[in-house]
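# Structural description and commentary
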Amino acid sequence: MPTTSEIVAHATRLFEDLNFNSAREWKAAKPGRKVVGYMPIYVPREIIHAGDMLPLGIVGGGDQLEVIHGDAYYQSYICRIPRSTVELGVSGRLDFVDGMLFPSICDVIRNLSGMWKIMFPQVYTRYFDVPQNYRDEIGGNYYIQELAELRHDLGTLRGSPITDDELRNSIVLYNENRRLVREVYTFRAEKPWQAPAAEVYLIMRAGHVLSVEQHSDMLRNYLAAARAEERPRRDNCRIVLTGVFCEQPPLNLIKSLELAGCYVVDDDLLLVNRWLTTDVPTDGDPMHNLALAFLHHSESTAAKYEPDLKEKGQHLVRAVKRTNAEGVIFACPSFCDPALLDRPMLQHVLAEAGIPYIAFKYAENSGQMQPIREQAGTFADSIKLWSGQ
Amino acid sequence: MTATQIVTPKTAAKDVEKDVSMRKQKAMMAAHYDRITGAPETGKKICCTFVPGNLNELIMCFDLLNNLPEVNAIQSGLRRVSGNYVLEAEKIGHSEDVCTYVKSDIGMAAKGNIAPNGKKFPDPDVLLLSYTGCFTFMKWFELLREQYKCETIMLHTPYMGDGKITPNMVQYMVKQLKEEVIPKLERISGVKFDIDRLREYLKNSVKAEDNLVRVLQTAKSKPSPIDAYFGGIYYIGPIFGAFRGTQDAIDYYKFLRDEVEERLASGQGPVTPDGDMGKEKYRLVVEGPPNYTNFRQFWKMFYDEGAVVVASSYTKVGGVYDFGFRHDPDKPLETLAEYCLGVYTNRSLPMRIEMLTNYVNEYAADGLLINSIKSCNSFSAGQLLIMREVEKRTGKPAAFIESDLVDPRYFSAANIKNRLESYFQMVEQKRAAA
């Protein structure tokens, strides 16, 4: 059985590889294979997988990518993820990608879908809209049609239609994957010293480039290894990290939080891995099942409308309670409309619930961690000193 | 540390030249603000909604008064009070990075919610979240809902990512209208929905829309009798605001059309705040909203150089009518859906490029100018690619300036003027080379 350090080393190599060699190898292993990229926060990867394609998560270029061309496409007041994604595209790092899906998350990613159509006309490009109405007969029907269009298009890309049985098979595999992801999160919430946040992040991030089968194996191995290994427990406080659902924080930022005294016991990183909160039924109409799962059993985040004022922000309160967290850290990418516009409302909810929080901004290429470490350290100290008083 | 203060000029602005239509428009807007602030006395209920996807005809069916927070932010910008409102919102926790319309609105509420007529805005009875073409709208009304604790109705307009309106999109919207929006508006207003009443309003809309299109298309003539950006903002006020579907709008657009056609017939150019513009030297297409905090100064930079804007995307933000769309009274709910789907910021980037390219060609423009707005990702993200593509497709030079809607901190007059002057030189060079 591999050790945690071996598994994490593998995940780190995948994370650092800005040429996506593992996805390239997957594609080259069998003639006719296709790769379909997707951006945060959610696409139904089951449909891509059912078409024998590799869903490839694209979450920007991180802090190791030098953005040369991408900056020429964006003003200084636009966040960083689209410019590094454009950089990945124009530098040829995504030249093996046959399709790109741009989910409904914000106007920047929405507009990037149109840019992609112009810049890479040979790539199948789709803006993936999701309903903001959650009634089965309204938003549900609309979404089923949207899913059907996607299924049809991907079938065309493959050269043959995607069948219901293929979809059911993919749903089984992704249900299993999500169960394992949740298990890792639960394990970390119980023993965060056994599953450091940066490790968990790398393991989850691997799911963006590996096939679902490979990723599930990695998760199983990691769980077994992390449970078996005793690690020193620090006198850290426990926090929920939020706002990090699109542009990724640098790995060093995640490490810095723990070094500064904050165990991350929940987060909204890489939400696609656990977007659907329960298993999707495998009997009946798979498109219908995927649609209902989205409507009624999916995560709450800023890009989704919350129809009920009383429910606004409660997902965060529940996350704090579920994980026995002692505070919340709002880490939002600079110029991120969803995260920054949502933040005051969430903070009001936390204040009412008596949950302490701090907030700061970052960019995927932020280099200076000292201010963040100091802020997080002070937060951890204040929780330790003053909580319960 | 001293807190930032926005200093507003103490001297009164010089008298501004205005067309009769502009004075008429101003009076209409003033009367509407009186209706809104008078609601506590008249018993009228207030519905807030947005300019893109503004369902004014539907709102009127329930005897509700339409109050548009974006328009209020614009008014705050023009009156130079938005800067302090924005600071106020930032003081209470809103990020410096986000939309200044939102912050102006929230800051205004925090400072007493005073309308342009000096009276207090009543709290809204309902927020009609017409989620069309702008992500921020959703958060904006979630924020207002938190503040006013009033009912909020979501109407989700799918984005035209593939450049087309599909039957699925229309059906989805019609269902939302039938099963969510209308029943809730009935309940809140206490007025039963009458589809024939809606049809009547829609018939009125068509008349105003026809005349607006004619007015905007007069700019194809040389010289153009209008400025389709700075002047255009006056022209779109009633139809994008609370007047579409009313007799007032019919009268206004008929009057405006007659006025503009008179100017056209006599070969006159646009009226500027300093009077007639004089010789038309440059014809521009402009993409993006204007700056409102220094609106007149901004406009002056154009007319001082003899530059007239012959077409703009901003005047399509509350509805695109110049490619044939008209509200159709025979299919009242479908037409509302198609209207929302078709507004400018709900169009894909390739559609926007095509539209701007057409404008440059059809309006015989010298080029494209983009005023990129710091606040507005819906407009701004992708504009540098738009600029390059339009330049490539038309062979005409394009240029890029930056400002903000209602945050005066982002208006740098010297910078903008320099860029504009360089751009006009570029146009001259291009002409000489041709």
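Here goes a summary of the coordinates provided. All values derive from a computational prediction rather than experimental measurement.

### Some remarks on the interface of chain B and chain A
- Counting from both sides, the interface comprises 40 residues of chain B and, opposite them, 42 residues of chain A.
- Mapped by element, the contributors of at least two residues to the side of chain B that touches chain A are α7 (136-148), β4 (151-156), α8 (167-189), α14 (349-362), α15 (377-380) and α16 (383-394) of chain B.
- The dominant element in the side of chain B that touches chain A, judged by the number of residues it contributes, is α7 of chain B, at seven residues.
- Its residues placed into classes, the side of chain B that touches chain A shows 15 nonpolar, 14 polar and 11 charged.

### Concerning the environment of Glu16 of chain A
All names here are of chain A.
- Looking at where Glu16 falls in the secondary structure, it is placed in helix α1 (residues 4-16).
- Judged by the 11 C-beta atoms lying within 10 Å of it, Glu16 is exposed.
- On a C-alpha basis, the gap between Glu16 and Gly62 in space is 9.0 Å, while along the polypeptide they are 46 residues apart.

### Thoughts on the pairing of strand β7 (residues 327-333) of chain A
Residue and element names in this part refer to chain A.
- Burial analysis of β7 places seven of its seven residues in the buried class, the great majority of the element.
- By the alternation rule, side chains of β7 split into Gly327, Ile329, Ala331 and Pro333 and Val328, Phe330 and Cys332, which are all buried.
- Relative to β7, strand β5 (residues 237-242) runs parallel, the two sharing four bridges. Along β7, the bridge assignment pairs Val240 with Val328.
- Pairing of β7 with strand β8 (residues 357-362), which is carried by six bridges, proceeds in the parallel orientation. Following the sheet pairing, Pro333 is matched in β8 by Tyr362.
- The parallel pair β7 and β8 is bridged by helix α13 (residues 337-353), and the resulting crossover is right-handed.

### Details of the packing of helix α7 (residues 164-190) of chain A against helix α9 (residues 212-228) of chain A
Residue and element names in this part refer to chain A.
- Where α7 contacts α9, the axes come no closer than 9 Å and their chain directions differ by 25°. Considered as vectors, α7 and α9 are oriented roughly parallel to each other. Two packed elements cross with a definite hand, and for α7 against α9 that hand is left-handed. On the side of α7, the interface is formed by Leu173, Tyr174, Glu176, Asn177, Leu180, Val181, Glu183, Val184 and Phe187, while α9 contributes Val212, Glu213, His215, Ser216, Leu219, Arg220, Tyr222, Leu223 and Ala226.
- In terms of residue class, the contact of α7 with α9 is built from 11 nonpolar, three polar and four charged.

### Comments concerning the sheet that holds strand β10 (residues 398-403) of chain B
Residues and elements named next belong to chain B.
- Spatially, four strands are ordered β8-β7-β9-β10 in an open sheet, and the strand pairing comes out parallel. Of all the strands in the sheet, just β8 (307-312) and β10 have a single pairing partner and so form its edges. Neighbour-to-neighbour, the strand axes of this sheet turn through a mean angle of 35°, independent of strand direction.
- Of the pairings in the sheet, the one linking strand β7 (residues 282-287) to β8 comprises five bridges and is parallel in character. The partner of Arg283 across the bridge, within β8, is Val308.
- Set on the sheet, helix α17 (residues 413-433) makes contact with β7, β8, β9 (367-373) and β10; between it and β10 the angle comes to about 170°.

### Brief notes about helix α8 (residues 197-206) of chain A
All names here are of chain A.
- Burial analysis of α8 places 10 of its 10 residues in the buried class, the great majority of the element.
- Residues of α8 that are buried include every one of Ala197, Ala198, Glu199, Val200, Tyr201, Leu202, Ile203, Met204, Arg205 and Ala206, and no others.
- In this structure, the buried side of α8 is in contact with α1, α7, α9, α10 (251-259) and β6 (262-267).

### Focus: the sheet that holds strand β2 (residues 64-67) of chain B
All names here are of chain B.
- Strand order in the open sheet formed by four strands is β2-β1-β3-β4, and the pairing between neighbours is parallel. Strand pairing shows two members of the sheet lacking a second neighbour, β2 and β4, which therefore form its edges. The sheet shows a mean angle of 25° between the axes of neighbouring strands, taken without regard to direction.

### As for the pairing of β7 of chain B
Residue and element names in this part refer to chain B.
- With six of its six residues buried, β7 lies for the most part within the structure.
- Residues Tyr282, Leu284 and Val286 line one face of β7 and the alternating positions Arg283, Val285 and Glu287 line the opposite face, and both faces are buried.
- Between the parallel elements β7 and β8, the chain passes through helix α12 (residues 295-303) in a crossover that is right-handed.
- Across four bridges, the pairing between β7 and β9 is parallel. By the bridge assignment for β9, Glu287 is matched with Ile370.

### Considering helix α13 (residues 332-342) of chain B
Residue and element names in this part refer to chain B.
- For α13, the tally of buried residues reaches eight of 11 residues, placing the bulk of the element in the interior.
- Among the residues making up α13, those that are buried are Pro332, Thr335, Leu336, Ala337, Tyr339, Cys340, Leu341 and Gly342.
- Looking at the buried side of α13, the elements it contacts are α3 (56-61), β3 (126-131), α8 and α9 (195-217).

Here is what the cut-offs are and how they apply
- Residues numbered from 1 in each chain as written.
- Chains lettered and ligands numbered in written order.
- Predicted model: local features only at pLDDT ≥ 70, side-chain atom pairs only at ≥ 80, totals over all residues.
- Contact = placed C-beta atoms within 7 Å.
- Helix = DSSP H or I, 4+ residues; strand = E, 2+ residues; numbered from the N terminus.
- Nonpolar A, V, L, I, M, F, W, Y, C, P; charged D, E, K, R; others polar.
- Buried ≥ 20, exposed ≤ 12 C-beta atoms within 10 Å, placed from the backbone.
- Pairing = 2+ DSSP bridges.
- Right-handed = clockwise from strand over helix to strand, strands pointing away.
- Axes fitted to C-alpha atoms, helices over the stretch in contact; angles between N-to-C directions.
- Parallel < 35°, antiparallel > 145°, perpendicular 65-115°, else oblique.
- Left-handed = near helix turned anticlockwise from the far one by under 90°.

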